[in-house]
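# Working through the structure, step by step
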Amino acid sequence: MPVLLVHGRDDAAVPAAQSVGLAGRLLAAGHPAHLWLTHGGHALDLARPDIRAVTAAFLDTVLPPA
């Protein structure tokens, strides 16, 4: 199952290094993982155009055509 991790670089609750490590472990285990580090903290606004674009691009690559 492909995984998309989106993480704010300024996240004080869960350091971005946690997502970097998780992505590395997933890839090492043979799982498709995509990581996007962005500006912001723990509560990212999912309506942000950049986050929506990254999510849409990810889904376009992993979902079968309609």
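Fair warning: this is a prediction, and the values are worked out from it, not measured in the lab. (Residues numbered from 1 in each chain as written. Predicted model: local features only at pLDDT ≥ 70, side-chain atom pairs only at ≥ 80, totals over all residues. Heavy atoms only, no water.)

Our next topic: the overall build of the protein. What the protein contains, in helices and strands, is two helices and two strands. Helices and strands appear in the protein in the N-to-C order β-α-β-α. By its C-alpha atoms, the protein is 40 × 30 × 10 Å across when sized along the principal axes. Split into buried and exposed, the 66 residues of the protein put 23% on the buried side. Counting only contacts in the protein whose residues sit at least 6 apart along the sequence, the fraction spanning at least 24 positions is 56%. Of the roughly 4500 Å² of accessible surface on the protein, 65% is carried by carbon and sulfur atoms. (Helix = DSSP H or I, 4+ residues; strand = E, 2+ residues; numbered from the N terminus. Buried < 20%, exposed > 50% of the residue type's maximum accessible area, 1.4 Å probe, protein only. Contact = heavy atoms within 4.5 Å. Areas by Shrake-Rupley, 256 points an atom, 1.4 Å probe, with all protein chains shown as cover.)

Where strand S1 (residues 3-8) meets strand S2 (residues 33-38), six bridges bridge the pair, whose relative direction is parallel. Residue pairing in the sheet places Leu 4 in a bridge with His 34 of S2. Between the parallel pair S1 and S2, the chain is carried across by helix H1 (residues 16-28), and the sense of this crossover is right-handed. (Pairing = 2+ DSSP bridges. Right-handed = clockwise from strand over helix to strand, strands pointing away.)

Another point: the environment of Val 62. One can find Val 62 in helix H2 (residues 49-62). Owing to a relative accessible area of 28%, Val 62 belongs among the partly exposed residues under this scheme. Put simply, Val 62 and Leu 27 are 35 residues apart on the chain and 16 Å apart in space, counted from C-alpha to C-alpha.

We now examine the side chain of Thr 38. Mapped onto the fold, Thr 38 is located in strand S2. Given the relative accessible area of 3%, Thr 38 is considered buried. Reaching out from Thr 38, the side chain makes a polar contact with the side chain of His 39 at a distance of 3.5 Å. (Polar contact = N/O pair within 3.5 Å; in protein donor to acceptor, adjacent residues only side chain to side chain.)

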